Amino acid sequence: MIRVCLIFFLLLSFFGFSQQTDYVDFKRIHADVGFDVSQNKVYGEFKCTFEILKNVDSVYLDAINMRFERVRMNPENKEADLIYRGEVFNRYEKEKLWVKHGFRKGQKYSLNFFFFINTPKKALYFIEKDEGNQIWTQGQGKYTSNWLPSIDDMNDKIEFDLSITYDKDYEVVANGKLTDKKTNEFTTTWRYDMEKPMSSYLVALTIGKYNKKVENSKSGIPLEMYYYPEDSLKFEPTYRYTKRVFDFLEEEIGVSYPWQNYKMVPVKDFLYAGMENTSLNVYSDAFVVDSIAFVDKNFVNINAHELAHQWFGDLVTETSGTHHWLQEGFATYYALLAEKNIFGEDYYYWRLYEYAQELLEQDKAGQSTSLLDPKSSSTTFYKKGAWVLHMLREKVGDEAFKEAVKNYLLKHQFKNVKTDDFMGEVEKASGQELSEFVKVWLNNKAFMYDKAMKSLKKSTFIQEFLMVDCEVETSKCFEYLSSWISDEAKSKIIFQNHELIKKEAFINPLKVRQAIAQSLSDITTDLKADYESLLNDKSYITIEAALFNLWRNFPEERTKYLNQVKDIDGFNDKNIRTLWLTLALITEDYEPENKKSYFDELTDYTSSKYGFEVRQNAFQYLNQIKACNDACKENLKQAGKHHNWRFKKFAKTLLK
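This text gives an overview of the structure that appears in the document. Please read these numbers as outputs of a predicted model, since none were measured by experiment.

### Points about the overall build of the protein chain
Item 1. Across its full length, the protein chain holds 23 helices and 22 strands.
Item 2. In terms of overall dimensions, the protein chain is globule-like: its C-alpha atoms have a radius of gyration of 28 Å, near the 26 Å expected for 656 residues.
Item 3. Its C-alpha atoms put the protein chain at 90 × 70 × 45 Å along the principal axes.
Item 4. Scored against the burial criterion, the 656 residues of the protein chain give a buried share of 56%.
Item 5. Considering only intrachain contacts with a sequence separation of at least 6, the fraction spanning at least 24 residues in the protein chain is 67%.
Item 6. Each charge class in the protein chain was averaged separately, 88 positive and 97 negative side chains, and the resulting centres sit 5 Å apart.

This is the structure we're talking about:
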């Protein structure tokens, strides 16, 4: 038997100067995971194999605040003695599990143990939901070790295989392919297999009440689309264009999709819009939409962005934050290309124009940084990164660009990359020396706005939009509103000068009418009938703005307006319903017999069984009408401890 021991202090000084990946290569981790929801507890049996690259006397796993039992090491298939039981006590023990042994170069080892963690502080969340609770994960760079022993260093790529046991009435989804599913009287065990390695932060699972539909891509990859049973009518608009986006990206990128399948799962109270876990896009259920909401807020871009990450971020992964744009800039750019394929070239240039304006404002605020600064903003990594790829493609041409991307992915697949790895492939494919391009676009803090606008002006659509300026020249602006120019240009006119809005302006498509609803707050009598027609538009943004403005401008007809939109919820955040309840409560003569039920409903929306977007709307409205009662205040205090930091900050600010 080979004896091993856990050590709970920093063993060798060189650990501070080198990464563990220099001397240890973790090959495979298999974990059998279970949950005790009553205690928010995660527990399981853990097995891993690793190879020693250099002689070393210790290795570690990242494991935050965990307890371990029956820790055994198994070199050469010989089981080690049981060497440790019980609690951990000092700082290092709360962060890592250290194993000391005379590890030899070229030798393979395995490590087995049981682990336990109560209420992980990050990365795994127990969520209350009316129609069955949820559990979901969000690794975000390096936090998987809060619920699963792993390696926080994204440079160590490991094959993860998860087996998860949970209540048989729930669906369990994890990375990879479902290879086995066994059900007993109370629980089901789901076994998922990953064939290829990935960074630990991309390990994920979701548990909840779901149905799913499966469609195969052109290349035969299963596309698994999950939805809440109560949202069956929202399935089509939510997942609209999914197969088209997948087929387009696979062809455009030129490298086959690298994983066994692609799964999309909505969750409540997610921290971001979506997350590109390997083969598993976990996304906010705020993007579950019906056909009306699709026009204003849909899942297409989020879906395409997280799908593009399956190549850029999951297949090839940055070595450090310095090269974060290789993930976010690429995902943003390729998502935009996918939307261009669906919505057209004008849409593509319009979105680039919007990105440019945001980057210009960042410049003006003195907040711009180099694209290679690991502390750069999301605006820089995502939108400046996308602009760099747009400009680079213009410079070297489509053929060289696509060849470079393909070679870059194939050469570095399942590995980690730096910016030089990509730019080197572009130089090879194009035959161009690109150091000046790197200097101007990647190293420079400022965004090259003038160069970007010169590129955009190749689009007639953008030229037209820029030509129309009703802050400088107003003589033709009224005519523009009934002309052939784009909806974006007409909306620009309306926001610049709402006094130009006459009856003729209402004879325009939905997006222009939406601009009218949002910009025209004081409604004259001659425009009343036309403005009232906005309540019939297929846009929840338009209806929300129109309802409030009509209610405010015409007190004598408030009952009519409230009755007209009484049964409309709006987006998943109930934007229209919460506004409607508020207006119904403060409209003195409106259904006095129902005031209590309306107040109770609005107050109920502040409780934790609803998503934080719904709760935030309800809190704001109750605060505005000075009606946040004791139940509301208790819910607000609870919201001040929420895992979503933006909502938590909102709640704490409102409490003051």
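Past the structure itself, the notes keep going.
### With respect to the pattern of salt bridges
Two side chains of opposite charge can pair, provided their charged atoms sit close to one another.
Item 1. Tallying each qualifying case throughout the model produces 36 salt bridges.
Item 2. Through salt bridges with shared partners, a single ionic network connects E252, R393, D398 and K402.

### Digging into the pairing of strand 2 (residues 41-52)
Item 1. Alternating residues of strand 2 divide into V42, G44, F46, C48, F50 and I52, all buried, and K41, Y43, E45, K47, T49 and E51, none buried.
Item 2. Taken together, the twelve bridges between strand 1 (residues 24-36) and strand 2 define a ladder with antiparallel strand orientation. Residue pairing for strand 2: F35 is matched across the bridge by V42.
Item 3. Here strand 1 hands over to strand 2 after four residues, with N40 in that stretch at a positive phi of 50°.
Item 4. Where strand 2 lies against strand 7 (residues 108-118), eleven bridges are found, and the strand directions are antiparallel. Bridge pairing links T49 to S110 in strand 7.

### What about the packing of aromatic side chains?
Item 1. What the rule picks out here adds up to 52 aromatic pairs.
Item 2. Ring geometry for Y241 and F343: centres 6.0 Å apart, planes at 90°, overall edge-to-face. Residue Y241 is found in the loop between helix 1 (235-238) and helix 2 (242-253), and its partner F343 is found in helix 5 (residues 325-343); the two are separated by 102 residues along the sequence.
Item 3. Exposure remark for F343: the relative accessible area of 32% places this residue in the partly exposed category.
Item 4. Arranged with centres 5.3 Å apart and planes meeting at 80°, the rings of Y333 and Y334 form a pair that is edge-to-face. Comparing Y333 with Y334 shows no difference in burial state: the two are buried.
Item 5. Connected via pairs of aromatic rings, a cluster forms that spans F312, W325, F330, Y333, Y334, F401, Y408 and F422.
Item 6. The ring of F287 carries the charged tip of K297 above its face, separated from the ring centre by 5.5 Å.

### Focus: helix 19 (residues 575-586)
Item 1. The terminal C-alpha atoms of helix 19 lie 17 Å apart, and with twelve residues this matches the ideal 16 Å at 1.5 Å per residue to within 8%.
Item 2. Among the twelve residues in helix 19, eleven count as buried, and that is most of the element.
Item 3. Every buried residue of helix 19 is accounted for by N575, I576, R577, T578, L579, W580, L581, T582, L583, A584 and L585.
Item 4. On its buried side, helix 19 packs onto helix 17 (540-553), helix 18 (558-564), helix 20 (595-604) and helix 21 (612-624).

### Brief notes about the sheet that holds strand 19 (residues 274-277)
Item 1. Strand order in this open sheet of five strands is 16-17-18-20-19, and the pairing throughout is mixed. Two strands lie at the open edges of the sheet, namely strand 16 (211-216) and strand 19, each paired on one side alone. Ignoring which end each strand starts from, the neighbouring axes of this sheet average 15° apart.
Item 2. Pairing analysis gives four bridges linking strand 19 to strand 20 (residues 280-284), with the strands arranged antiparallel.

### Here's the deal with the packing of helix 12 (residues 460-467) against helix 14 (residues 487-496)
Item 1. Viewed as axis vectors pointing N to C, helix 12 and helix 14 meet at an angle of 15°, and their least axial separation amounts to 9 Å. With respect to helix 14, the axis of helix 12 lies roughly parallel. In this structure, helix 12 crosses over helix 14, and the sense of that crossing is right-handed. Of helix 14, the residues touching helix 12 (which contributes F461, E464, F465 and L466) are E488, A489 and K492.
Item 2. Class assignment of the residues belonging to the contact of helix 12 with helix 14 gives a composition of four nonpolar, no polar and three charged.

### A look at the side chain of R393
Item 1. Looking at where R393 falls in the secondary structure, it is placed in helix 7 (residues 378-396).
Item 2. A distance of 3.1 Å separates a polar atom in the side chain of R393 from a polar atom in the side chain of Y333.
Item 3. Looking at R393, its side chain comes within polar contact range of the side chain of D398, at 3.0 Å.
Item 4. In this structure, R393 is in contact with E252, Y333, L337, D398, F401 and K402, ignoring residues within four places of it in sequence.

### Considerations on the side chain of R577
Item 1. Note that R577 resides in helix 19.
Item 2. At 2.9 Å, the side chain of R577 forms a polar contact with the side chain of E601.
Item 3. Sequence-distant contacts of R577, that is, excluding residues within four places in its chain, are made with K566, I568, D569, Y598, E601 and Y605.

### Observations regarding helix 12
Item 1. Within the span of helix 12, buried status applies to F461, I462, E464 and F465. Looking down the long axis of helix 12, one finds its buried residues gathered within 160° of arc, a one-sided arrangement. Seen from the open side of helix 12, the exposed residues pointing more than 90 degrees away from its buried face are T460 and M467.
Item 2. Its side-chain oxygen 3.3 Å from the backbone nitrogen of F461, S459 forms the N-cap of helix 12.

### Quick word on the sheet that holds strand 9 (residues 134-137)
Item 1. Read across the open sheet, the four strands follow the order 8-9-15-11; overall the sheet is antiparallel. Two strands in the sheet have a free side with no partner beyond their single neighbour: strand 8 (124-127) and strand 11 (171-174). Strand after strand, the sheet turns through a mean of 15° between neighbouring axes, direction not considered.
Item 2. Pairing of strand 9 with strand 15 (residues 205-208) involves two bridges; the strand directions are antiparallel. Looking at strand 15, one finds that W136 is bridged to T206.

### Observations concerning the state of the cysteines
Item 1. Inspection of the entire model under this criterion finds two disulfides.
Item 2. In this model C470 forms its disulfide with C477; the gap between the sulfur atoms is 1.8 Å. In this structure, the disulfide formed by C470 and C477 twists by about -115° around the S-S bond and is classed as left-handed.
Item 3. C628 shares a disulfide with C632; S-S distance 1.9 Å.

### Observations concerning the packing of helix 21 against helix 22 (residues 630-639)
When two helices pack together, their arrangement is captured by the angle between the axes and the distance separating the axes.
Item 1. Put simply, helix 21 and helix 22 touch, their axes get as near as 11 Å, and they point 135° apart. It follows that helix 21 is oblique to helix 22 by the angle criterion. The chirality of how helix 21 crosses helix 22 is left-handed. Here helix 21 contributes R615, F619 and L622 to the contact with helix 22, which in turn contributes C632, N635, L636, Q638 and A639.

Calculation notes
Residues numbered from 1 in each chain as written. Predicted model: local features only at pLDDT ≥ 70, side-chain atom pairs only at ≥ 80, totals over all residues. Heavy atoms only, no water. Helix = DSSP H or I, 4+ residues; strand = E, 2+ residues; numbered from the N terminus. Rg over C-alpha atoms; globule rule 2.2 N^0.38 Å. Buried < 20%, exposed > 50% of the residue type's maximum accessible area, 1.4 Å probe, protein only. Contact = heavy atoms within 4.5 Å. Lys, Arg positive; Asp, Glu negative; His and termini not counted. Charge placed at Lys NZ, Arg CZ, Asp CG, Glu CD. Salt bridge = Lys/Arg side-chain N within 4 Å of Asp/Glu carboxyl O. Pairing = 2+ DSSP bridges. Phe/Tyr/Trp six-rings, centres within 6.5 Å; stacked < 30°, edge-to-face > 60°. Lys NZ or Arg CZ within 6 Å of the ring centre and 35° of its normal. Expected span 1.5 Å × (residues − 1). Axes fitted to C-alpha atoms, helices over the stretch in contact; angles between N-to-C directions. Parallel < 35°, antiparallel > 145°, perpendicular 65-115°, else oblique. Left-handed = near helix turned anticlockwise from the far one by under 90°. Nonpolar A, V, L, I, M, F, W, Y, C, P; charged D, E, K, R; others polar. Polar contact = N/O pair within 3.5 Å; in protein donor to acceptor, adjacent residues only side chain to side chain. Arc of directions from axis to C-beta. Disulfide = S-S within 2.5 Å.

Structural measurements only, silent on function.
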